[in-house]
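# Overview (structure and organization)
For reference, the chains in residue letters:
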Amino acid sequence: MKIKVGVIFGGESVEHEVSIISALQAMNKMDEEKYDIIPIYMTKDREWYTGDMLKDIDSYSDLNLIKKYASNVVLCYENGKYVLKKKGGLFNKIVNDIDIIFPITHGTNVEDGALQGYFQTIGIPYVGPSVYAGVVGQDKVYMKCIFEHEKLPISKFTWFYDSEYNDDSEAIINKIKSTLKYPVIIKPATTGSSVGIGTASNDKELTKAIEDAIEYDSKILVEEMVQNLKEVNISVLGNHESQKLSEIEEVYSGEKFLTYAEKYLGNSKVKGGVKAPVKTSKGMASASRKIPADITKEERKAVEDVAIRAFKALGSSGNARIDFLIDDKTKKVYINEINSIPGSLSFYLWEPKGKSYSELLDDMINIGIKDYKKRESKTYSFETNILAGYKANGVKGSKGKLK
């Protein structure tokens, strides 16, 4: 019997379109002899739709067609099954049932533990990071604080809230200048795909970059920029019990950092011959890269060791991409950030290791099932009722009073 996999993507996020590309790539590569693939598309206004038309990227050119021909659904638990039910109407017809959810979502509201919290609340198995790993994997400030505590190599940083900047921008600018040296990089704490990121070499540029970043987030991270920059990425597959490492890539940018456009809108050649199955975009596979990265044995070992330590420290699961910055002059390696559900699921980093995209997806689903069984083996509640003997209005009953 096939496993029914609900692939969920989209959502209210600035990375909405990136999520669509990643999900379509993955659905195209899932083994249809093993899985019934059920697309679940979340619109930007938080409505959920399902239907085979959602496997075709052309469907997303007109949202009205999706609303007309796909089924508007909700996910719930009913009669021992997890089901997609039609929203509205008199009978709420069941459209499909689901065995496991595979979130291929990017960014705020969808990758940051919000969806995972819903899945755990209703009890459905799912692939990828838990609620907690989703939170710390999306919030760059939380992430940096954990890396710092674990003594992982990071660049100097500081952070602040938009309200603090709005109340006293001069104090925030002075705080940054007293803590860090120019040039610096300014990031919204919880966005991904380089959205809202800017750089600054002086006070004027810093002010502009902060005001741009505040458009996307209430929490802002500022870091010293690594000089003589070389950017490399690696993926880690597994959970806290076991981990496997992908090949390391070196990514190229015409800017001071890899931009959204270079990641998702470019048509550059990919060294290594990576091809993506979505005909109108290659997703993260469109960025310029060299696989394997041109780094020393010592740099490779540092990247691999720190990647494992970071993955475990954040409680990650599934297939995460961890990004590194190397000062090509001093050869010092810095961990930059983790991507809990990376663009294109970083399939192109596993192919040089002999793992096909289909095999990678199999592994991720199997890890999700193992994580579910592990959660189910733990105790989360007690078979007691402390409300016994208490009246509905909360007045003390015969058993004593609450403390």
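Report on the accompanying structure. (Residues numbered from 1 in each chain as written. Predicted model: local features only at pLDDT ≥ 70, side-chain atom pairs only at ≥ 80, totals over all residues. Heavy atoms only, no water.)

## Notes on the overall build of the protein
Along the protein, the regular secondary structure elements total 11 helices and 17 strands. Going through the 403 residues of the protein one by one, you find that 51% of them count as buried. For the protein, the proportion of contacts with a sequence separation of at least 24, taken over those separated by at least 6, is 66%. When the accessible surface of the protein is summed, it comes to about 19700 Å², and 49% of that surface belongs to carbon and sulfur atoms. (Helix = DSSP H or I, 4+ residues; strand = E, 2+ residues; numbered from the N terminus. Buried < 20%, exposed > 50% of the residue type's maximum accessible area, 1.4 Å probe, protein only. Contact = heavy atoms within 4.5 Å. Areas by Shrake-Rupley, 256 points an atom, 1.4 Å probe, with all protein chains shown as cover.)

## As for the layout of surface pockets
Here the idea is plain: a probe the size of a water molecule rolls over the atoms and shows the empty space left. Estimates place the volume of the largest pocket at around 580 Å³. Taken together, 26 residues line the largest pocket, and the ones lying closest to its centre are Asn239, His240, Ser317, Ile367 and Asp371. Of all the secondary-structure elements, those providing two or more residues to the lining of the largest pocket are strand E12 (229-238), strand E13 (243-245) and helix H11 (357-376). If one sorts the elements of the lining of the largest pocket by residue count, H11 sits on top with seven residues. Here the residues of the lining of the largest pocket are counted per class, giving six nonpolar, 12 polar and eight charged. (1 Å grid on protein atoms, 1.4 Å probe; cavity = no way out; pocket = protein on both sides within 12 Å on 5 of 7 lines; lining within 4 Å. Points joined across faces, edges and corners; volume = space filled by probe spheres on them. Nonpolar A, V, L, I, M, F, W, Y, C, P; charged D, E, K, R; others polar.)

## Points about H11
Taking 1.5 Å per residue, 20 residues should reach 28 Å; H11 reaches 29 Å between its end C-alpha atoms and fits that length. All buried positions along H11 are accounted for by Tyr357, Leu360, Leu361, Asp362, Met364, Ile365, Ile367, Gly368, Asp371 and Arg375. (Expected span 1.5 Å × (residues − 1).)

## Points about unusual backbone geometry
A cis geometry characterises the amide bond from Tyr182 onward to Pro183, with omega recorded as 0 degrees. Summarising the element assignment, Pro183 is placed in the loop between helix H7 (169-179) and strand E9 (184-188). The linkage connecting Ile291 with the following residue, Pro292, adopts the cis geometry, with an omega of 0 degrees. Here Pro292 is to be found in the loop between strand E15 (289-290) and helix H10 (297-313). Residue Asn79 is not a glycine yet carries a positive backbone phi of 50 degrees. The residue Asn79 is located in the loop between strand E4 (71-78) and strand E5 (81-86) in this model. Residue Asn79 is classed as exposed on the basis of its relative accessible area, which comes to 76%.

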